[in-house]
Amino acid sequence: MQEKNKQHATAYKQGSIMTNILFGSRWLQLPLYLGLIVAQAVYVFFFGVELIHLVASANKIVEADIMLIVLGLIDVVMISNLLIMVIVGGYETFVSRLNLEGHPDEPDWLSHVNANLLKVKLATAIIGISSIHLLKTFINAQNLSDKVLIAQTVIHMTFVLSAVAIAYIDKLMSHPQPAEH
């Protein structure tokens, strides 16, 4: 087995220039993932600002406003979780291995992440974020038109149906049907 791995490594080193350029181009995604880390830092800052606003005005605002602010904080956390899935999962899947096997903080899902699983996880995270937005809309429904309420509900249901379709396609692709004779 080790001899076969050495042969593969030698073949890779001797690969064509085009093969090396194409395979190496995956590193062009690194600045994109670093940019998402910066975006996450912005969300951390925004979370802190909103939390300070909540604490500073807690005795001056009504419960419904507190609930809306807290839902906004939850929304920020869920978007941050989505960013982590994209950053870590995308880097691991498309750029380079993170080599975290055995690390006590390794996320469970990372050991078996692939592009299809990442799509399903992202779709379910988007549903969670959409659910928070829809809940905020319903809490504030008296200030919104029926058109807005219906539109946001339809958009949310579109996310749900899309996620179900993505999960179903992933299931079909990962469990091929036996060939008929």
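Numbering of residues starts from 1 in every chain and runs along the sequence as written. Where totals are concerned, whole chains, interfaces and linings use all residues; where local detail is concerned, this predicted model gives features only for residues with pLDDT of at least 70, and gives and counts side-chain atom pairs only at 80 or more. Note: side-chain values were computed over all heavy atoms of the structure, leaving out hydrogens and water.

K.L.:
Which parts of the structure should I look at to understand the UniProt feature "transmembrane region" (unreviewed entry) in the chain?
P.N.:
UniProt positions are given in the numbering used here, feature names are shortened, and annotations may be inferred rather than shown by experiment. What UniProt calls "transmembrane region" (unreviewed entry) maps, in this numbering, to residues 32–56, 68–91, 117–136 and 148–169. In residues 32–56, helix accounts for 100% and strand for 0%; the two terminal C-alpha atoms are 36 Å from one another. Numbering of helices and strands runs from the N terminus; a helix is a DSSP stretch of H or I covering at least four residues, while a strand is a stretch of E covering at least two. Across residues 68–91, the secondary structure splits into 100% helix and 0% strand, with the terminal C-alpha atoms separated by 34 Å.

K.L.:
How do you make sense of the packing of aromatic side chains when you look at a structure like this?
P.N.:
Two aromatic rings, taken as a pair, are described by how far apart their centres are and by the angle between their planes. Two rings from Phe, Tyr or Trp (for Trp, the six-membered ring) form a pair when their centres sit within 6.5 Å of each other. Planes less than 30 degrees apart are called stacked, planes more than 60 degrees apart edge-to-face, and all others tilted. The final tally for this structure, using the stated rule, is two aromatic pairs. On the basis of an interplanar angle of 85° and a centroid distance of 6.3 Å, the ring pair of Y33 and Y91 is categorised as edge-to-face. Of the two residues, Y33 is situated in helix α3 (residues 30–56) and Y91 in helix α4 (residues 63–95); the sequence distance between them amounts to 58 residues. The buried label goes to any residue with under 20% of its type's maximum accessible area, the exposed label to any with over 50%, and the partly exposed label to all in between, with areas taken from a 1.4 Å probe on protein chains only. The class for Y33 is buried, based on a relative accessible area of 10%. Three or more aromatic residues joined by ring pairs make a cluster, and in this case those are W27, Y33 and Y91. Between R26 and the ring centre of F23, over which it is positioned, the NZ or CZ distance is 3.9 Å. Only when the NZ atom of a Lys or the CZ atom of an Arg is both within 6 Å of the ring centre and within 35 degrees of the ring normal do we say a charge sits over the ring.

K.L.:
Teacher, can you tell me more about the nonpolar core here?
P.N.:
Buried together is how nonpolar side chains tend to be arranged in soluble globular proteins. In terms of nonpolar packing, the biggest core is built from 12 residues, these being I79, L82, L83, M85, I87, V88, W109, L110, V113, L118, A125 and I129. Put simply, the parts of the chain that give this core at least two residues each are α4 and α5 (115–139). Top element by residues in this core is α4. It accounts for six residues. Those residues within four positions of M85 in sequence are excluded, and the remaining contacts are G90, W109, L118, K121, L122 and A125. Residues enter a nonpolar core if they are buried and are Ala, Val, Leu, Ile, Met, Phe, Trp, Tyr or Cys, with the set joined through side-chain atoms within 4.5 Å. Whether two residues are in contact is decided by their heavy atoms, any of which lying within 4.5 Å being enough.

K.L.:
Help me understand the packing of α4 against α5, please; the structure alone is not making it clear to me.
P.N.:
Helix packing for two helices is described by the angle between their axes and how far apart those axes are. It is at 10 Å that the axes of α4 and α5 come closest, and there the two elements cross at 170°. Of the possible angle classes, the one that applies to α4 and α5 is roughly antiparallel. Looking at the contact of α4 with α5 residue by residue, the classes come out as 19 nonpolar, six polar and three charged. Interaxial angles span 0 to 180 degrees and are taken between N-to-C directions of axes, which are lines fitted to C-alpha atoms, for helices over the stretch in contact. Reported orientations rely on four angle classes, namely roughly parallel under 35 degrees, roughly antiparallel over 145, roughly perpendicular from 65 to 115, and oblique for the rest. Only Asp, Glu, Lys and Arg are considered charged in this grouping, and only Ala, Val, Leu, Ile, Met, Phe, Trp, Tyr, Cys and Pro are considered nonpolar; every other residue, Gly among them, is considered polar.

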